[in-house]
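Chain residues, written in single-letter form:
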Amino acid sequence: MGIIVAKFGGTSIGDGKRIKKAARAVVKEYMQGKKVVVVVSAINKTTDDILEIVNRSIGEAITEKQMADIISMGEITSVRVFSSTIESLGVKSEYVDPHMEIWPVITDSNYLNAKIDFAETEIRSREILKLLDQGVIPVICGFLGKDKEGNITTLGRGGSDITAFLMGHCLHAEEVIIVTDVGGVMSTDPNKLQTARKLDKISVEEMRDLATHGAQVLHPHALRYKDPKINAKIIGFEHGDLSVPGTEIMGPSKDKMLRSTTLNNEPISVIAVVGEEMLTKVGILAELTKTLQDNDINIYGISTGQNSITLFIDKSVADAAHEILHEVVVKNPDMSSLSLGREIAMITVNSQDFIDTPGIITKITAPLRQNKINIVEISSSQTSVVIFVDWNDGKRAYEMVRRVLE
């Protein structure tokens, strides 16, 4: 029998009716021969309510250890209610919280943003497997951990989703199901555009970047724990059925920690177009990129300045692009000239850790400065950094940058 890990967010168990529906969905899978592990968040806005009370009564005097203890009450309550509801449906269930010996998630002692001890967590997860073998449905607190001294810790943002993917990995589950208040991942926010549609599939890398830039379906921190061997999907709670199609999360395609450093195999050429106050002129960038598109020339990157636009393209098509764009420049009064630059190397660094790591660009570029490697251009998003250096320095720079992530 395969193992399913089903995580229910706070909204999906927001009241008694929804908890009953969620429990029935779990029992249905159990009755069909599945072993089900449930991970739950705090019911609806319980944690927010607790924090408001703490802020009003204690304020800044509270310690991090005390805070972790207090905000854990939301999840500790949820597991008891959910487990009892499952048992009311005639199936054995047992809640699991950090106060218990069989608690699986072991962390360091950073109480409010704990780091998971993977090796110890995998060992402790065997106790959850024992419950499953006994025909019991375990209901585990999301978001929480326990250090080696037995103190409660929390996993920080995205904590319950982290718990679900972590348990999926440690238990060798066949599927992790994230149950939310939406039916899956949408093409855009349906509250802003009625034409938004549900996606059948999305890659971990796409989901990570979407979540990083504001999508509320799944926290990007959780995706670093997604095991590429395990199926995962996001569904809506309204169906009351864990087997419904939602949005399948594919991958990750590279490695499960979502870290990679790549060096483009071929040199990149730089074409710089200049003109007075180009950034204030409507359509300049569109005209340049559309011209290259019409001629089937790909753009690897774009850098803009007040009086210039720099395009990064394959060296193999650079001469053709130079000639084509020159025709555009001489016809447009807002552009004055362009130049074809030297061969450069493109190094792309991707890491989930970039989201909330102050000084990460300095950390990446410091070895280049120390070894007198000049950076021609650099661009970044919340999860990736792209560095352009002279082609002759490319391999050395790649090795230096790669070691930063090791």
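On a predicted model such as this, the values are computed, not experimentally measured, just so you know.

**Describing unusual backbone geometry**
Working step 1: The amide bond that connects Gly251 to the next residue, Pro252, takes the cis arrangement and shows omega of 10°.
Working step 2: Checked against the element boundaries, Pro252 lands in the loop between strand E10 (247–250) and strand E11 (259–263).
Working step 3: We note that His172 has phi near 55°; this positive angle belongs to a residue other than glycine.
Working step 4: We classify His172 as exposed; its relative accessible area is 65%.

**Overview of the packing of helix H11 (residues 360–370) against helix H12 (residues 394–405)**
Working step 1: For the pair H11 and H12, the least separation of the axes is 9 Å and the interaxial angle reads 145°. As H11 packs across H12, the resulting crossing turns out to be right-handed. In this structure, H11 contributes Lys363, Ile364, Pro367 and Leu368 to the contact, and H12 contributes Ala397, Met400, Val401 and Val404.
Working step 2: Of the residues contributing to the contact of H11 with H12, the split by class is seven nonpolar, no polar and one charged.

**So, empty space enclosed by the protein**
Working step 1: Counted according to the given criterion, the structure contains one cavity of 30 Å³ or more.
Working step 2: Put simply, the largest cavity is a space of about 60 Å³.
Working step 3: Along its surface, the largest cavity is lined by 13 residues, and Phe8, Val179, Phe237, Gly240 and Asp241 are the ones closest to its centre.
Working step 4: The greatest single-element share of the lining of the largest cavity, amounting to four residues, is contributed by helix H1 (residues 16–31).
Working step 5: Looking at side-chain class alone, the lining of the largest cavity contains seven nonpolar, three polar and three charged residues.

**What about helix H4 (residues 73–88)?**
Working step 1: Spanning 16 residues, H4 covers 23 Å between terminal C-alpha atoms, matching the ideal 22 Å at 1.5 Å per step.
Working step 2: Taken together, the buried positions of H4 are Gly74, Glu75, Ile76, Ser78, Val79, Phe82, Ser83, Thr85 and Ile86.
Working step 3: Gly90 sits one or two positions beyond H4 and adopts a positive phi of about 90°.

**Regarding the state of the cysteines**
Working step 1: Per the stated rule, a full pass over the model turns up zero disulfides.
Working step 2: Unpaired in this structure, Cys170 has its nearest cysteine sulfur neighbour in Cys141, at a distance of 16 Å.
Working step 3: Judged by relative accessible area, Cys170 falls into the buried class, the value being 6%.

**A closer look at the side chain of Lys35**
Working step 1: Tracing the backbone shows Lys35 in strand E2 (residues 35–40).
Working step 2: On the accessibility criterion, Lys35 (18% relative accessible area) is buried.
Working step 3: Here the side chain of Lys35 touches Asp133 through a polar contact of 2.8 Å, side chain to side chain.

**A few points about the packing of aromatic side chains**
Working step 1: By the definition in use, this model includes three aromatic pairs.
Working step 2: Relative to Phe82, the ring of Phe8 lies with its centre 5.3 Å away and its plane at 35°, an arrangement referred to as tilted. Taken as a pair, Phe8 in strand E1 (residues 3–8) and Phe82 in helix H4 lie far apart in primary sequence, 74 residues in all. Both residues of the pair, Phe8 and Phe82, belong to the buried class.

**Re the sheet that holds strand E9 (residues 231–236)**
Working step 1: Read across the sheet, eight strands follow the order E3-E4-E2-E1-E7-E9-E10-E8 without closing on themselves; strand pairing throughout is mixed. Two strands bound the open sheet, and with one partner strand each, they are strand E3 (93–96) and strand E8 (201–203). Neighbour-to-neighbour, the strand axes of this sheet turn through a mean angle of 20°, independent of strand direction.
Working step 2: Two strands pair when backbone bridges link them, and E1 and E2 are joined in this way by six bridges, in the parallel orientation. What sits directly across from Phe8, in E2, is Val40.
Working step 3: Strands E1, E2 and strand E4 (137–141) of the sheet are contacted by H1, whose axis makes an angle of about 160° with E2.
Working step 4: Along the sheet face, H4 touches E1, E2, E3 and E4 and points at about 165° away from the line of E4.

**Focus on the domain arrangement of the protein chain**
Working step 1: By the assigned domains, the protein chain splits into domain 1 (3–254) and domain 2 (260–405).
Working step 2: For domain 1 and domain 2, the distance between their C-alpha centroids amounts to 40 Å.

**Re the nonpolar core**
Working step 1: Counting residues in each nonpolar core, the largest one holds 77 residues, and the members touching the most others are Phe8, Val26, Val38, Phe82, Ile86, Phe165 and Leu242.
Working step 2: Every residue in contact with Val38, bar those within four places of it in the chain, is listed here: Ala6, Phe8, Val26, Phe82, Ile137, Pro138, Val139 and Ile140.
Working step 3: Among the nonpolar cores identified, the runner-up in size contains 18 residues, and Ile271, Met278, Ile309 and Met335 belong to it.

**Quick look at the packing of helix H2 (residues 46–57) against helix H3 (residues 64–71)**
Working step 1: Axis separation between H2 and H3 bottoms out at 10 Å; the angle between their running directions is 140°. Here H2 lies oblique to H3, going by the angle between them. As for how H2 packs across H3, the hand of that crossing is right-handed. Between H2 and H3, the contacting residues are Thr47, Ile50, Leu51 and Val54 on the first element and Met67, Ile70 and Ile71 on the second.
Working step 2: Per-class residue counts for the contact of H2 with H3 are six nonpolar, one polar and no charged.

Calculation criteria
- Within each chain, residue numbers correspond to sequence positions counted from 1 in written order.
- Restriction of local features to residues with pLDDT of at least 70 applies here, the model being predicted, together with a cutoff of 80 or more for giving and counting side-chain atom pairs; totals for whole chains, interfaces and linings are based on all residues.
- Excluding hydrogens and water, the side-chain values take into account all heavy atoms of the structure.
- Comment: elements are numbered from the N terminus, with helices defined as DSSP H or I runs of at least four residues and strands as E runs of at least two.
- For the exposure calls, accessible area comes from a 1.4 Å probe over protein chains only, and a residue counts as buried if that area is under 20% of its type's maximum, exposed if over 50%, partly exposed in between.
- Simply put, an axis is a line fit to the C-alpha atoms, just over the touching stretch for a helix, and the angle between two N-to-C directions goes from 0 to 180 degrees.
- A clockwise turn of the near helix away from the far one marks a right-handed crossing, whereas an anticlockwise turn of less than a right angle marks a left-handed crossing.
- The contact definition used throughout considers only heavy atoms, calling two residues in contact when any of these lie within 4.5 Å.
- Residues were grouped as follows: Ala, Val, Leu, Ile, Met, Phe, Trp, Tyr, Cys and Pro as nonpolar; Asp, Glu, Lys and Arg as charged; and all remaining residues, including Gly, as polar.
- A cavity here means a set of points on a 1 Å grid, drawn over the protein atoms and nothing else, where a 1.4 Å probe fits but cannot get out; a pocket is an open set with protein on both sides within 12 Å along at least five of seven lines, and a residue lines either one if it has an atom within 4 Å of a point.
- Grid points are joined across faces, edges and corners, and a volume is the space filled by probe spheres set on the points.
- The span you would expect from a helix comes to 1.5 Å times its residue count less one.
- When the sulfur atoms of two cysteines come within 2.5 Å, that pair is taken as a disulfide.
- Polar contact criterion, stated in full: a pair of N or O atoms within 3.5 Å, where within protein one must be able to donate a hydrogen and the other to accept it, and residues adjacent in sequence count only if both atoms are side-chain atoms.
- Classification of ring pairs rests on two measures: the distance between centres of Phe, Tyr or Trp rings, Trp counted by its six-membered ring, which must be within 6.5 Å, and the angle between planes, read as stacked under 30 degrees, edge-to-face over 60 and tilted in between.
- Only strands that DSSP links by at least two bridges are regarded as paired with each other.
- Domain start and stop positions are those given by an automatic or database domain assignment.
- For the purposes of this section, nonpolar cores are sets of buried Ala, Val, Leu, Ile, Met, Phe, Trp, Tyr and Cys residues that join through side-chain atoms within 4.5 Å.
- Roughly parallel means an angle under 35 degrees; roughly antiparallel, over 145; roughly perpendicular, 65 to 115; everything else is oblique.

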